[in-house]
Amino acid sequence: MKPKEIIQQIEHTMGRQPEGYMIRLMNDALLEMSSIKKEYTVSSKTDLMKNKRWYALNDQVIDITKVEVLDTDNKYFAWYNDDKRLAVLALDLETDSTESTNEKYDTFQDTTVSNGLRLSYHSKYEAVDTSNLGSEMSSTHGVDTGMQDAVVCYIKARLNEDQGDMQKAQYFRQMYERKIKKYPSRKSGVRQLSVPKL
């Protein structure tokens, strides 16, 4: 389904609505859904820089699921984050008597590794705007087809609330929450086959 089709479907039952307001409601729905379900997983790569501890995270990150360090001889790394930054530390293999502290992990000291840091994280769905109204929600915005009906219910709930019809607003809000709850969550982790003994 395309955002334009969602707008047409809602306008068919609820009358003409301002396009900007419909886009804002759609983005509100996507933001709420992404924070509840945490299903939209994204990976990105960046350079692992020498003497750099903190790496900025983009605004789309909800939470980090995995950090991988690629193409380096140092086998031991640690990471932690605080809101909008990620810290990457390497096991300190050098012992220098001039250091003021004897910390086990320190800032990465080897040469810079191009695309040496890969982050996997739960992300907010991509926002809807006037330029992507005609594109598919599943491919452009990351919303699975099973979750797109929840967007329609969310918008109907908000529009009925605006019109003062709280009974319909509550009905569509419950439909939205039911669709979110019933939609299966993706399972992450290692999968294996269970082979019976013959």
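Residues numbered from 1 in each chain as written. Predicted model: local features only at pLDDT ≥ 70, side-chain atom pairs only at ≥ 80, totals over all residues. Heavy atoms only, no water.

**What about the overall build of the protein?**
Point 1. When its secondary structure is counted, the protein shows five helices and seven strands.
Point 2. Reading the protein from its N end, one meets helices and strands in the order α-α-β-β-β-β-β-β-β-α-α-α.
Point 3. Expressed as a percentage of its 198 residues, the buried residues of the protein come to 35%.
Point 4. For the protein, restricting intrachain contacts to residue pairs at least 6 apart in sequence, the fraction spanning at least 24 positions comes to 75%.
Point 5. For the protein, the exposed area adds up to about 12700 Å²; of that, 47% sits on carbon and sulfur atoms. (Helix = DSSP H or I, 4+ residues; strand = E, 2+ residues; numbered from the N terminus. Buried < 20%, exposed > 50% of the residue type's maximum accessible area, 1.4 Å probe, protein only. Contact = heavy atoms within 4.5 Å. Areas by Shrake-Rupley, 256 points an atom, 1.4 Å probe, with all protein chains shown as cover.)

**Focus: the side chain of His122**
Point 1. Structurally, the position occupied by His122 is in strand E7 (residues 113–123).
Point 2. With sequence-adjacent residues up to four places away left out, His122 is seen in contact with Lys38, Tyr40, Thr41, Gln60, Val61, Ile62, Asp63 and Thr65.

**Focus: the pattern of salt bridges**
Point 1. This model, assessed by the stated rule, comprises seven salt bridges.
Point 2. Glu11 is the salt-bridge partner of Arg16, the closest N and O atoms lying 3.1 Å from each other.
Point 3. The class for Arg16 is exposed, based on a relative accessible area of 72%.
Point 4. As a salt-bridge pair, Asp28 and Arg158 come within 3.1 Å of each other at their nearest N and O atoms. Of this pair, Asp28 sits in helix H2 (residues 19–37) while Arg158 sits in helix H4 (residues 148–162), placing them 130 residues apart in sequence.
Point 5. Its relative accessible area of 23% is what places Arg158 among the partly exposed residues.
Point 6. A single network of salt bridges, built from pairs that share partners, joins Glu32, Arg173 and Glu177. (Salt bridge = Lys/Arg side-chain N within 4 Å of Asp/Glu carboxyl O.)

**Focus on the sheet that holds strand E1 (residues 41–48)**
Point 1. The strand order E1-E7-E3 describes an open sheet built from three strands, whose pairing is antiparallel. The open sheet has two free edges, formed respectively by E1 and strand E3 (61–69), since each of these has just one partner strand. The average undirected angle you get between the axes of adjacent strands in this sheet is 30 degrees.
Point 2. Pairing analysis gives seven bridges linking E1 to E7, with the strands arranged antiparallel. Counted as the bridge partner of Leu48 is Val113 from E7. (Pairing = 2+ DSSP bridges. Axes fitted to C-alpha atoms, helices over the stretch in contact; angles between N-to-C directions.)

**Considering the packing of aromatic side chains**
Point 1. Per the counting criterion, the structure on display carries four aromatic pairs.
Point 2. Geometrically, the ring pair formed by Tyr154 and Tyr176 is edge-to-face, given 5.2 Å between the ring centres and 65 degrees between the ring planes. Pair noted here: Tyr154 is in helix H4 and Tyr176 is in helix H5 (residues 166–182), with a separation of 22 residues, a long-range link.
Point 3. Residue Tyr176 is classed as buried on the basis of its relative accessible area, which comes to 1%.
Point 4. Relative to Phe172, the ring of Tyr171 lies with its centre 5.1 Å away and its plane at 70 degrees, an arrangement referred to as edge-to-face.
Point 5. Under the relative-accessibility criterion, Tyr171 is labelled partly exposed at 45%.
Point 6. Here the basic side chain of Arg85 rests over the ring of Trp54, its NZ or CZ set 3.8 Å away from the ring centre. (Phe/Tyr/Trp six-rings, centres within 6.5 Å; stacked < 30°, edge-to-face > 60°. Lys NZ or Arg CZ within 6 Å of the ring centre and 35° of its normal.)

So, to be careful, I would describe these as geometric facts and stop short of saying anything about function.
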